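# Geometric and topological summary
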Amino acid sequence: MACPFFRRTDSLLRQPSVSAETGNNTWLLEDEEQPDDALTLTHLQLAIQLLTAPSNADLNTAVTALIAKYSHSWPKISKLRIDLDTLKSVPNYDYLADIQDILLEMDESSASEILVLLGEELITSCCTGIIERAFRCLGTDLQEFLGSLDGVYDVLKLQEEDVTDTGFVCAGDGELIFTSERPVIAWLLLGSLKALTRMLYNVQVNIKIEPVEGDSRRYRYLFSLVKEYSGSSVAMQGRSVEAVKAPVPVMPAQRHNSSKAADLAMNSHTFCKAFPWHFIMNEKLELMQLGRGFSKLYKPHMAEHGCHATTYFDFKRPKGLTMKFRDIARRTYTPFLIALKSPPNVSEFTAKGLEIKGQMVHCPESNSLLFMGSPFLDGLDGLTCNGLFISDIPLHDATREVILVGEQARAQDGLRRRMDKLKSSIEEANAAVAKERKKNVSLLHLIFPAEIAERLWLGASIDAKTYPDVTILFSDIVGFTSICSRATPFMVISMLESLYKDFDEFCDLFDVYKVETIGDAYCVASGLHRASIYDAHKVAWMALKMIVACGKHITHDDQEIQMRIGLHTGTVLAGVVGRKMPRYCLFGHNVTIANKFESGSEACKINVSPTTKDWLIKYPGFEFELKPRDPSCLPKEFPDTSGDKTCYFLEGYRHPTLSAQLPLVEHISEALKSITEP
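Being a predicted model, the structure only gives us computed values, none of them experimental.

## Quick look at the pattern of salt bridges
- Throughout the structure, instances matching the rule amount to 19 salt bridges.
- Here Lys208 makes a salt bridge to Glu210, at a shortest N to O gap of 4.0 Å.
- Overall, Lys208 belongs to the partly exposed group, its relative accessible area being 49%.
- Under the relative-accessibility criterion, Glu210 is labelled partly exposed at 24%.
- Note that Lys605 is salt-bridged to Glu651, the shortest N-O span being 3.6 Å. One end of the pair, Lys605, is in the loop between helix H19 (589–599) and strand E18 (606–608); the other, Glu651, is in strand E20 (residues 648–654), with 46 residues separating them in the sequence.

## A look at the packing of helix H17 (residues 489–510) against helix H18 (residues 535–550)
- At a minimum axis separation of 10 Å, H17 and H18 run at an interaxial angle of 155°. In this view, H17 runs roughly antiparallel relative to H18, as classed from their interaxial angle. Crossing of H17 against H18: the hand is right-handed. Packed against H17, whose contacting residues are Leu499, Phe503, Phe506, Cys507, Leu509 and Phe510, the element H18 presents Lys538, Trp541, Met542, Lys545, Met546, Ala549 and Cys550 at the interface.
- Each residue belonging to the contact of H17 with H18 can be placed in one class, and the counts come to 11 nonpolar, no polar and 2 charged.

## What about the confidence of the model for the protein?
- Overall, the predicted model of the protein reaches an average pLDDT of 81, with 85% of residues at or above 70.
- When pLDDT is averaged over each helix and strand of the protein, the minimum, 39, is found for strand E6 (residues 240–244) and the maximum, 93, for E18.
- Segment residues 1–31 is flagged for pLDDT under 50; beyond a separation of four residues in sequence, or across chains, it makes 31 contacts in the model.
- This model gives residues 229–251 a pLDDT under 50, and the stretch forms 38 contacts once residues within four places in sequence are excluded.

## Quick look at the packing of aromatic side chains
- For the coordinates displayed, the defined rule picks out 26 aromatic pairs.
- The ring of Phe649 has Lys605 lying over it, and the distance from NZ or CZ to the ring centre is 5.5 Å.
- Of note, Lys618 hangs over the ring of Trp615, and the distance from its end group to the ring centre comes to 4.3 Å.

## What to know about the state of the cysteines
- Enumeration over the complete set of coordinates arrives at 0 disulfides.
- Cys127 provides the cysteine sulfur closest to Cys126, a residue in no disulfide bond, and the two sulfurs are 8.8 Å apart.
- Judged by relative accessible area, which is 14%, Cys126 ranks as buried.

## A word on the nonpolar core
- Core analysis: the biggest nonpolar cluster contains 62 residues, and Ile99, Phe135, Phe145, Tyr221 and Phe223 have the highest contact counts within it.
- For this core, the element with the highest residue contribution is helix H8 (residues 183–201), accounting for 11 residues.
- Setting aside anything within four residues of it in sequence, one finds Phe145 in contact with Phe135, Leu138, Gly139, Leu193, Leu196, Leu200 and Tyr201.

Basis of the calculations
- Residues numbered from 1 in each chain as written.
- Predicted model: local features only at pLDDT ≥ 70, side-chain atom pairs only at ≥ 80, totals over all residues.
- Heavy atoms only, no water.
- Salt bridge = Lys/Arg side-chain N within 4 Å of Asp/Glu carboxyl O.
- Buried < 20%, exposed > 50% of the residue type's maximum accessible area, 1.4 Å probe, protein only.
- Helix = DSSP H or I, 4+ residues; strand = E, 2+ residues; numbered from the N terminus.
- Axes fitted to C-alpha atoms, helices over the stretch in contact; angles between N-to-C directions.
- Parallel < 35°, antiparallel > 145°, perpendicular 65-115°, else oblique.
- Left-handed = near helix turned anticlockwise from the far one by under 90°.
- Contact = heavy atoms within 4.5 Å.
- Nonpolar A, V, L, I, M, F, W, Y, C, P; charged D, E, K, R; others polar.
- pLDDT = per-residue confidence, 0-100.
- Phe/Tyr/Trp six-rings, centres within 6.5 Å; stacked < 30°, edge-to-face > 60°.
- Lys NZ or Arg CZ within 6 Å of the ring centre and 35° of its normal.
- Disulfide = S-S within 2.5 Å.
- Core = buried A, V, L, I, M, F, W, Y, C linked by side-chain atoms within 4.5 Å.

Put into structure tokens, the structure is as follows:
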């Protein structure tokens, strides 16, 4: 029979040899990215799950194919189909149980036949691509496939800590025993195995299913040849499947190897040295031969305590194994896990509990059982804790490499953990630095305009710059000197703190820059960091709110605070002055004039310069109440170039869409909305 892998070898990457040079001649332990079509243990698990617990989606696909083929024979099988939305909406839905119930109601005599056909369709429809490759890797012929099915499924159950009784046992040539709580799965498996033998090995077999006497959960499958095709011939010996090879060219005569045990070109001493972890036991389960590893541990005690295997070994897997020669011989395709026992009356036995994993081999020439295994260890510490040495593991045994590579993996894990810890420390430090940076930047933003603060943080030089049409507000408290003379310093500071807290909130509200406060003087400007056509409007609204706010604050002797304010618009020079406690200062003739307008104002009044008044009335939709003053009130320093020769008192503001009866605050809020909306 042709090799089942032949047609795929041109598309699969061959694993590199461990002896190939890889830079430092060590196995790579880091996770390497595998190609998308790489066959993994997960795919093998999915393949076997298709036999033992098919998903609802796979069952639905198989049912659809079954109905298409056999609805003429069983018209009622269309009831087996279910809506896909139902499968998705109910994740724990037991579709297979419904299939069983429908078949029993429909035709109990045909239920098993339909289930077998459904199992065949399950493989035909769903065993494709990587899943088919997973099945093919189990063996080159049917008998190898059944044996691997037994061993691989046992390993997968151990890995997942599956405590259910579901499983396979290859009980001999052409015989498979399957354990399941659900008979419907057993009948599905019958059809699946038929389809798999056709797909993988090009043979048609007859599979007879029968319950195992004394256990209703176990089913025996007996395989026998039915048909030969595709150029392959398969014959059954008793119940075994044996490939009959096609004629081959006549080869030159060669020396034939003897099958007699006496002709073995190796004595028992050499065998025990080459395979230190083996033993041979007879039909009475008496130990007839021990490898050098077992012999070092138990030979001194056998003369006193006998040679029975159960005295020295605890057979942990396969589970449920009865300690009878015949039953053990039937499990030669199942991995065995035995644990070493302490010999009777021996208190200190370092290897107690050491697990040996291996395989039982039936030797018909002597009707004995040969166990071949390796210590099941995790690293050098596990080796030394059990009183063993690296020399106790033969060179040909991969366990030696597993131990050493495991130590390297642990070293890399330790380094990775230290690197992760260092990374976490660096991230925490970076977070702390970022937090402090945020505090510093926030502090700079409180002192300087945003653009200037950012440049200062980056260490850039700040050149003085001229800004046109900047509206400046100066204010002071009327009678502040008299108030200070009648109050303690603490009272004065408390009064100013309460008042200027409101003013600072107004700065944020109207997006104006607070220049400074000196004593009772409070100065702001708009048009420095974010110039707009409404800079004069913002300062005017803030001035109105400052006057209103003063009425809510009182001095220590219960007098209302009275403030005078002056506004002026013009070109100024601004820059950062000083290295220690630097300040963002305004310079120029217009700064002096703005201060003069504040000096020429009156209590609870806002004195507005002609240039600021021109900006306030420049754009329609803003109704400021401006009252002209006597021309003599205009500061002497005011330039003669202006056409307007008088200043104004700002009495109030009214938004054209609101009623005049509403408070000033609502009119200003509505005006702010109108200039901020896009």
